[in-house]
Amino acid sequence: MHLLIMGAPGCGKGTCAVELKSFYGIPHISTGEIFRKAISEKTKTGLIAQRYIDQGFLVPDEVTNEIVKERLSEDDCQKGFLLDGFPRNLAQAKALTKILEDLDIKLDAAINLDVKDEIIEKRIVNRRICENCGRGYNLIYLKPKQEGICDVCGAKLYQRKDDTLETIDKRLVVYNTQTKPIITYYKELGILININANQEPHKVVEEIINKVK
Ligand code: AMP
(Lines give C-alpha, C1' and ligand atoms only; values in the text may rest on other atoms or scores of the structure.)
Protein backbone atom coordinates (compact mmCIF):
# COMPACT_ATOMS: atom_id res chain seq x y z
CA MET A 1 0.00 0.00 0.00
CA HIS A 2 1.50 3.35 -1.09
CA LEU A 3 -0.15 6.15 0.83
CA LEU A 4 0.34 9.75 1.78
CA ILE A 5 -1.27 11.58 4.66
CA MET A 6 -1.78 15.33 4.79
CA GLY A 7 -3.53 18.03 6.77
CA ALA A 8 -2.99 21.19 8.81
CA PRO A 9 -0.35 21.27 11.56
CA GLY A 10 -1.79 19.51 14.61
CA CYS A 11 -4.41 17.58 12.60
CA GLY A 12 -3.08 14.29 14.01
CA LYS A 13 -1.04 13.03 11.04
CA GLY A 14 1.78 11.71 13.22
CA THR A 15 -0.54 9.98 15.70
CA CYS A 16 -2.46 8.19 12.92
CA ALA A 17 0.75 7.38 11.06
CA VAL A 18 2.13 5.35 13.97
CA GLU A 19 -1.03 3.17 13.95
CA LEU A 20 -1.25 2.89 10.15
CA LYS A 21 2.41 1.95 9.90
CA SER A 22 1.87 -1.13 12.04
CA PHE A 23 -1.54 -1.95 10.53
CA TYR A 24 -0.23 -2.04 6.95
CA GLY A 25 3.33 -3.11 7.85
CA ILE A 26 4.84 -0.28 5.80
CA PRO A 27 7.54 2.28 6.59
CA HIS A 28 6.40 5.66 7.91
CA ILE A 29 8.30 8.42 6.17
CA SER A 30 7.91 11.78 7.84
CA THR A 31 9.88 14.66 6.32
CA GLY A 32 9.50 16.58 9.61
CA GLU A 33 11.06 13.62 11.48
CA ILE A 34 13.88 13.33 8.93
CA PHE A 35 14.63 17.03 9.43
CA ARG A 36 14.48 16.82 13.24
CA LYS A 37 16.93 13.89 13.17
CA ALA A 38 19.25 15.80 10.84
CA ILE A 39 19.08 18.82 13.17
CA SER A 40 19.93 16.75 16.23
CA GLU A 41 22.85 15.17 14.35
CA LYS A 42 23.95 18.63 13.12
CA THR A 43 24.29 17.46 9.51
CA LYS A 44 24.53 19.94 6.61
CA THR A 45 20.84 19.36 5.78
CA GLY A 46 19.99 19.76 9.46
CA LEU A 47 21.69 23.13 9.67
CA ILE A 48 19.83 24.39 6.61
CA ALA A 49 16.47 22.98 7.76
CA GLN A 50 16.70 24.39 11.27
CA ARG A 51 16.66 28.01 10.06
CA TYR A 52 13.31 27.46 8.34
CA ILE A 53 11.66 25.11 10.83
CA ASP A 54 12.33 27.31 13.86
CA GLN A 55 10.57 30.17 12.10
CA GLY A 56 7.61 28.08 10.97
CA PHE A 57 8.53 28.23 7.26
CA LEU A 58 8.90 25.42 4.73
CA VAL A 59 12.37 24.03 4.06
CA PRO A 60 13.24 24.83 0.38
CA ASP A 61 11.86 22.37 -2.19
CA GLU A 62 15.25 21.43 -3.66
CA VAL A 63 16.43 20.19 -0.24
CA THR A 64 13.16 18.45 0.62
CA ASN A 65 12.51 16.82 -2.76
CA GLU A 66 16.00 15.32 -2.81
CA ILE A 67 15.59 13.80 0.65
CA VAL A 68 12.26 12.24 -0.34
CA LYS A 69 13.63 10.92 -3.63
CA GLU A 70 16.52 9.22 -1.83
CA ARG A 71 14.30 7.73 0.86
CA LEU A 72 11.64 6.42 -1.56
CA SER A 73 14.35 4.77 -3.65
CA GLU A 74 15.29 2.51 -0.74
CA ASP A 75 14.24 -1.14 -1.02
CA ASP A 76 11.75 -1.14 1.86
CA CYS A 77 9.53 1.36 -0.02
CA GLN A 78 8.86 -0.98 -2.94
CA LYS A 79 6.13 -2.87 -1.07
CA GLY A 80 4.62 0.28 0.34
CA PHE A 81 5.03 3.43 2.42
CA LEU A 82 3.14 6.06 4.32
CA LEU A 83 4.42 9.48 3.40
CA ASP A 84 3.68 12.06 6.09
CA GLY A 85 4.26 15.81 5.69
CA PHE A 86 5.23 15.62 2.02
CA PRO A 87 4.17 17.13 -0.35
CA ARG A 88 3.49 20.50 1.25
CA ASN A 89 3.01 22.61 -1.86
CA LEU A 90 2.04 22.12 -5.49
CA ALA A 91 5.64 22.03 -6.75
CA GLN A 92 6.41 19.20 -4.30
CA ALA A 93 3.25 17.34 -5.34
CA LYS A 94 4.33 17.49 -8.99
CA ALA A 95 7.88 16.46 -8.02
CA LEU A 96 6.44 13.47 -6.16
CA THR A 97 4.41 12.40 -9.19
CA LYS A 98 7.64 12.41 -11.22
CA ILE A 99 9.66 10.57 -8.53
CA LEU A 100 7.00 7.84 -8.34
CA GLU A 101 6.78 7.55 -12.13
CA ASP A 102 10.56 7.05 -12.28
CA LEU A 103 10.34 4.38 -9.57
CA ASP A 104 7.32 2.76 -11.27
CA ILE A 105 5.23 3.12 -8.13
CA LYS A 106 1.52 3.98 -8.12
CA LEU A 107 0.17 6.07 -5.25
CA ASP A 108 -2.96 4.30 -3.90
CA ALA A 109 -4.46 7.16 -1.90
CA ALA A 110 -3.88 10.68 -0.60
CA ILE A 111 -5.50 10.88 2.83
CA ASN A 112 -6.57 14.36 3.88
CA LEU A 113 -7.24 14.87 7.59
CA ASP A 114 -9.83 17.60 7.89
CA VAL A 115 -9.84 19.38 11.25
CA LYS A 116 -11.61 22.51 12.53
CA ASP A 117 -9.39 25.60 12.91
CA GLU A 118 -10.42 26.21 16.53
CA ILE A 119 -9.02 22.91 17.79
CA ILE A 120 -5.71 23.09 15.96
CA GLU A 121 -4.00 25.56 18.33
CA LYS A 122 -5.07 23.60 21.43
CA ARG A 123 -3.76 20.37 19.93
CA ILE A 124 -0.39 21.85 18.99
CA VAL A 125 0.54 23.60 22.24
CA ASN A 126 -0.44 20.53 24.26
CA ARG A 127 1.33 18.06 21.98
CA ARG A 128 4.09 15.87 23.43
CA ILE A 129 6.06 13.25 21.51
CA CYS A 130 8.01 10.20 22.61
CA GLU A 131 11.70 10.76 21.92
CA ASN A 132 12.15 7.04 21.25
CA CYS A 133 9.15 5.63 19.34
CA GLY A 134 7.62 8.88 18.07
CA ARG A 135 4.18 8.18 19.54
CA GLY A 136 2.18 11.38 19.97
CA TYR A 137 0.34 12.44 23.15
CA ASN A 138 -1.79 15.40 24.09
CA LEU A 139 -1.98 16.83 27.59
CA ILE A 140 -5.74 17.36 27.17
CA TYR A 141 -7.07 14.71 24.78
CA LEU A 142 -4.55 11.88 24.99
CA LYS A 143 -2.62 12.03 28.26
CA PRO A 144 0.21 9.58 29.03
CA LYS A 145 -0.53 7.36 32.08
CA GLN A 146 2.58 8.70 33.80
CA GLU A 147 3.46 12.36 33.29
CA GLY A 148 6.28 12.87 30.78
CA ILE A 149 6.71 9.15 30.03
CA CYS A 150 5.62 7.14 26.97
CA ASP A 151 2.98 4.49 27.82
CA VAL A 152 4.36 2.12 25.21
CA CYS A 153 8.15 2.20 25.49
CA GLY A 154 8.79 4.11 28.74
CA ALA A 155 11.00 6.76 27.09
CA LYS A 156 10.76 10.48 27.84
CA LEU A 157 8.25 12.74 26.11
CA TYR A 158 9.34 16.08 24.63
CA GLN A 159 7.70 19.18 23.23
CA ARG A 160 8.72 20.21 19.71
CA LYS A 161 10.56 23.51 19.50
CA ASP A 162 8.21 24.76 16.78
CA ASP A 163 5.06 23.88 18.79
CA THR A 164 4.83 27.34 20.31
CA LEU A 165 2.11 29.96 19.96
CA GLU A 166 4.54 32.24 18.08
CA THR A 167 5.24 29.75 15.29
CA ILE A 168 1.75 28.21 15.09
CA ASP A 169 0.23 31.25 13.36
CA LYS A 170 2.98 31.28 10.75
CA ARG A 171 2.64 27.53 10.16
CA LEU A 172 -1.11 27.93 9.66
CA VAL A 173 -0.60 30.71 7.11
CA VAL A 174 1.89 28.50 5.27
CA TYR A 175 -0.61 25.63 5.36
CA ASN A 176 -3.54 27.70 4.09
CA THR A 177 -1.64 29.42 1.29
CA GLN A 178 0.80 26.71 0.14
CA THR A 179 -0.35 23.28 1.28
CA LYS A 180 -4.15 23.44 0.93
CA PRO A 181 -4.06 23.67 -2.90
CA ILE A 182 -2.64 20.13 -3.09
CA ILE A 183 -6.02 18.79 -1.90
CA THR A 184 -7.44 19.79 -5.30
CA TYR A 185 -4.40 18.28 -7.06
CA TYR A 186 -5.11 14.83 -5.56
CA LYS A 187 -8.87 15.21 -6.03
CA GLU A 188 -8.26 15.72 -9.74
CA LEU A 189 -6.01 12.64 -9.78
CA GLY A 190 -8.97 10.73 -8.31
CA ILE A 191 -7.13 9.39 -5.25
CA LEU A 192 -8.21 11.85 -2.55
CA ILE A 193 -9.76 10.45 0.65
CA ASN A 194 -11.23 13.03 3.02
CA ILE A 195 -11.32 12.11 6.69
CA ASN A 196 -13.10 13.80 9.58
CA ALA A 197 -10.18 14.34 11.99
CA ASN A 198 -12.23 16.13 14.66
CA GLN A 199 -12.88 12.74 16.30
CA GLU A 200 -10.80 10.70 18.74
CA PRO A 201 -7.58 9.29 17.21
CA HIS A 202 -8.74 5.62 17.15
CA LYS A 203 -11.92 6.63 15.29
CA VAL A 204 -9.88 8.63 12.77
CA VAL A 205 -7.64 5.59 12.14
CA GLU A 206 -10.71 3.35 11.78
CA GLU A 207 -12.26 5.73 9.22
CA ILE A 208 -8.99 5.82 7.25
CA ILE A 209 -8.68 2.02 7.10
CA ASN A 210 -12.34 1.64 6.04
CA LYS A 211 -12.12 4.26 3.31
CA VAL A 212 -8.76 3.06 1.98
CA LYS A 213 -10.28 -0.41 1.58
P1 AMP B 1 6.01 18.28 10.60
O2 AMP B 1 6.72 17.39 11.57
O3 AMP B 1 5.47 17.55 9.40
O4 AMP B 1 4.98 19.17 11.24
O5 AMP B 1 7.14 19.27 10.01
C6 AMP B 1 7.84 20.16 10.85
C7 AMP B 1 8.49 21.25 10.00
O8 AMP B 1 9.44 20.66 9.10
C9 AMP B 1 7.53 22.04 9.10
O10 AMP B 1 6.88 23.09 9.78
C11 AMP B 1 8.49 22.54 8.02
O12 AMP B 1 9.26 23.63 8.47
C13 AMP B 1 9.44 21.35 7.85
N14 AMP B 1 8.94 20.43 6.82
C15 AMP B 1 8.42 19.18 6.99
N16 AMP B 1 8.03 18.65 5.82
C17 AMP B 1 8.30 19.58 4.87
C18 AMP B 1 8.11 19.64 3.48
N19 AMP B 1 7.52 18.65 2.79
N20 AMP B 1 8.55 20.76 2.82
C21 AMP B 1 9.15 21.76 3.48
N22 AMP B 1 9.33 21.78 4.81
C23 AMP B 1 8.90 20.71 5.51
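Owing to the predicted nature of the structure, the values given are computational and were not obtained by experimental measurement. (Residues numbered from 1 in each chain as written. Predicted model: local features only at pLDDT ≥ 70, side-chain atom pairs only at ≥ 80, totals over all residues. Heavy atoms only, no water.)

Engineer: Go over the pairing of strand E5 (residues 127-130), please, and point to the residues and values.
Structural biologist: Looking along a regular strand, one sees the side chains alternate between the two faces of the sheet. Side chains Arg127 and Ile129 of E5 all project onto a buried face; the interleaved residues Arg128 and Cys130 project onto the opposite face, where all are buried too. By the bridge criterion, three bridges tie E5 to strand E6 (residues 136-138) in an arrangement that is antiparallel. When the bridges of E6 are listed, isoleucine 129 appears paired with glycine 136. Between E5 and E6, which pair antiparallel and follow one another directly, the connecting turn spans five residues, one of which, glycine 134, has a positive phi of 80°. Relative to strand E7 (residues 157-158), E5 is paired through two bridges, and the arrangement is antiparallel. The residue bridging cysteine 130 from the neighbouring strand is leucine 157, located in E7. (Buried < 20%, exposed > 50% of the residue type's maximum accessible area, 1.4 Å probe, protein only. Helix = DSSP H or I, 4+ residues; strand = E, 2+ residues; numbered from the N terminus. Pairing = 2+ DSSP bridges.)

Engineer: Outline the pairing of strand E1 (residues 2-7), listing residues and values.
Structural biologist: Burial analysis of E1 places six of its six residues in the buried class, which makes it a mostly covered element. Neither face of E1 is left uncovered, since the one carrying His2, Leu4 and Met6 and the one carrying Leu3, Ile5 and Gly7 both have all their residues buried. Bridge count between E1 and strand E3 (residues 81-84): four bridges; the pairing is parallel. Bridging from a neighbouring strand, leucine 3 pairs with leucine 82 of E3. Relative to strand E4 (residues 109-114), E1 runs parallel, the two sharing five bridges. When the sheet's bridge partners are listed, isoleucine 5 is paired in E4 with isoleucine 111.

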